[in-house]
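Chain residues, written in single-letter form:
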Amino acid sequence: HGARAIVTLPLGVLQQTSPTLGAVRFTPELEAKHAALQRLASGPVVKVLLRFASCFWEDVHAGRYREVSFLHLPDAEVPTFWTQAPAHVPLLVAWAGGARARHLASNATPADIVRAATASLQPLFGKGLEVARQLEGYHYHDWQQDPYACGAYSYVTVGGDDARETLARPLDATLHFAGEATDTAGEAGTVEGALRSGIRAAREVLGTWTRIRSGV
Ligand SMILES: Cc1cc2nc3c(=O)[nH]c(=O)nc-3n(C[C@H](O)[C@H](O)[C@H](O)COP(=O)(O)OP(=O)(O)OC[C@H]3O[C@@H](n4cnc5c(N)ncnc54)[C@H](O)[C@@H]3O)c2cc1C
């Protein structure tokens, strides 16, 4: 038992209404949060770590990509590949978000997604270098299906202008809410936003605590 709790569950987990793995039951229910939870959504992302035999992208086109932080192919199925710059490591992080990620992840195995990623990257290197043949291993995590995440980044849907603020508001000076979805300073969907919301919630708790102790 505790006098206060700070709830930092991901938005997708908070939105679960059925008793599935990861879902949390509140008694009494969080009725004051229902409208806000309905006006926020958890967006999909596909992120795959691709480990190659070498940093082959550094050696082509006269070293043009040697120091880049990411390679961007706006029209490709997987449009973004983060390097580990400034470290020279044979690892690219393939990334797709939003509708593209949803389409990519639906009915696809991790191997299919990796194939889509290497195929997306291929046009940068022409016929002289086969990207898929450079691949030595990969790691894929499905954030949408992870019962403790249920999505990647929160976003506001139509009519949800005040949803983040409502979600962030404490209930009966007992439950406090933090996590990226509760950030109202424009950093939602980021680590920065999550950290800042945690500091805000901790200050709220300390504020009410001080008032109770001083009898105000
Ligand atoms: C693939 C991907 C890439 C990203 N890249 C970046 C980036 O480059 N830069 C950036 O700033 N942000 C990035 N983000 C966003 C960033 O990771 C999140 O905004 C941030 O981690 C959110 O922090 P949080 O504390 O709100 O939630 P989380 O980090 O999700 O923490 C919530 C915690 O609650 C736990 N939990 C869930 N259900 C339960 C339960 N039933 N019981 C107990 N615990 C539970 C989870 O296990 C988790 O530890 C990325 C996100 C994803 C998915």
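Residues numbered from 1 in each chain as written. Predicted model: local features only at pLDDT ≥ 70, side-chain atom pairs only at ≥ 80, totals over all residues. Heavy atoms only, no water.

## Topic: helix 2 (residues 31–38)
Note on helix geometry: an α-helix contains 3.6 residues per turn, so any two residues three or four positions apart are oriented the same way. Those residues of helix 2 that fall on the buried side of the exposure criterion are Lys-33, Ala-36 and Leu-37. Down the axis of helix 2, the buried set is contained in an arc of 100 degrees. They therefore lie on one face. Exposed side of helix 2, more than 90 degrees from the buried face: Glu-31 and Gln-38 are the residues found there. Check the buried side of helix 2 and you find it contacts helix 1 (11–14), strand 2 (40–43), helix 6 (163–168) and strand 9 (175–177). (Buried < 20%, exposed > 50% of the residue type's maximum accessible area, 1.4 Å probe, protein only. Helix = DSSP H or I, 4+ residues; strand = E, 2+ residues; numbered from the N terminus. Arc of directions from axis to C-beta. Contact = heavy atoms within 4.5 Å.)

## So, the domain arrangement of the protein chain
The domains assigned to the protein chain are domain 1 (5–43 + 156–213) and domain 2 (45–140). Spacing between the C-alpha centres of domain 1 and domain 2 amounts to 35 Å. (Domains from an automatic or database assignment.)

## Here's the deal with the site of the ligand
With respect to spatial proximity, 18 residues lie near the ligand, and among them Gly-22, Tyr-148, Gly-179, Glu-180 and Val-191 are the closest. Gly-22 places a polar main-chain atom, nitrogen or oxygen, 2.7 Å from a nitrogen atom of the ligand. If the ligand stood free it would expose 1,000 Å²; the protein chains cover 58% of that surface. When contributions to the shell around the ligand are tallied by element, the ones reaching two or more residues are strand 3 (45–52) and helix 7 (191–213). A per-class count over the shell around the ligand returns 11 nonpolar, 5 polar and 2 charged. (Near = heavy atom within 4 Å. Polar contact = N/O pair within 3.5 Å; in protein donor to acceptor, adjacent residues only side chain to side chain. Areas by Shrake-Rupley, 256 points an atom, 1.4 Å probe, with all protein chains shown as cover. Nonpolar A, V, L, I, M, F, W, Y, C, P; charged D, E, K, R; others polar.)

## Some details on the pattern of salt bridges
The tally for this structure, following the rule as stated, stands at 4 salt bridges. One salt bridge in this structure joins Asp-112 and Arg-115, with 2.7 Å as the shortest N-O distance. Here Asp-112 pairs with Arg-115, and both are found in helix 4 (residues 110–121), just 3 residues apart, close to one helical turn. Across the pair Arg-200 and Glu-204 runs a salt bridge, and its minimum N-O distance is 3.1 Å. Of the two residues, Arg-200 and Glu-204 are both situated in helix 7; the distance of 4 residues between them amounts to about one turn of the helix. By relative accessible area, Arg-200 is classed as partly exposed at 24%. (Salt bridge = Lys/Arg side-chain N within 4 Å of Asp/Glu carboxyl O.)

## Some remarks on the packing of aromatic side chains
Taken as a whole and assessed by the stated rule, the structure comprises 6 aromatic pairs. Ring geometry for Phe-70 against Trp-82: centres 5.0 Å apart, planes inclined by 55 degrees, an arrangement best described as tilted. With Phe-70 in strand 4 (residues 70–72) and Trp-82 in strand 5 (residues 80–82), this residue pair connects regions lying 12 residues apart in the sequence. By relative accessible area, which is 41% here, Phe-70 ends up partly exposed. An aromatic cluster of three or more residues is present, and its members are Phe-52, Phe-56, Trp-57, Tyr-65 and Phe-125. Geometry around Phe-177 places Lys-33 over its ring, the cationic atom sitting 4.5 Å from the centre. (Phe/Tyr/Trp six-rings, centres within 6.5 Å; stacked < 30°, edge-to-face > 60°. Lys NZ or Arg CZ within 6 Å of the ring centre and 35° of its normal.)

## Observations concerning the sheet that holds strand 7 (residues 135–140)
Sheet architecture is open: 5 strands sit in the order 4-5-6-3-7, paired in antiparallel fashion. The open sheet is flanked by strand 4 and strand 7, the only strands paired with a single partner. Taking each pair of neighbouring strands and ignoring which way they run, the sheet shows an average axis angle of 20 degrees. Strand contacts of helix 4: strand 3, strand 4, strand 5, strand 6 (91–97) and strand 7, with the helix running at about 120 degrees to strand 7, the strand carrying the most contacts. (Pairing = 2+ DSSP bridges. Axes fitted to C-alpha atoms, helices over the stretch in contact; angles between N-to-C directions.)

## Overview of helix 3 (residues 98–105)
Within helix 3, burial applies to Ala-101, Leu-104 and Ala-105. The buried residues of helix 3 occupy one face: seen down the axis, they fall within an arc of 90 degrees. Those residues of helix 3 that are exposed and aimed more than 90 degrees away from the buried face are Ala-99 and His-103. For helix 3, the elements touching its buried residues are strand 3, strand 6, helix 4 and strand 7. One or two residues past the end of helix 3 sits Asn-107, with phi positive at roughly 60 degrees.

## Some remarks on the side chain of Lys-33
Looking at where Lys-33 falls in the secondary structure, it is placed in helix 2. Within the buried core, Lys-33 has no salt-bridge partner, and the shortest N-O distance to an opposite charge, that of Glu-204, equals 8.6 Å. Within the structure, the side chain of Lys-33 is placed 2.4 Å from the backbone oxygen of Arg-169, a separation counted as a polar contact. With sequence-adjacent residues up to four places away left out, Lys-33 is seen in contact with Thr-166, Leu-167, Ala-168, Arg-169, Leu-171 and Phe-177. (Lys, Arg positive; Asp, Glu negative; His and termini not counted.)

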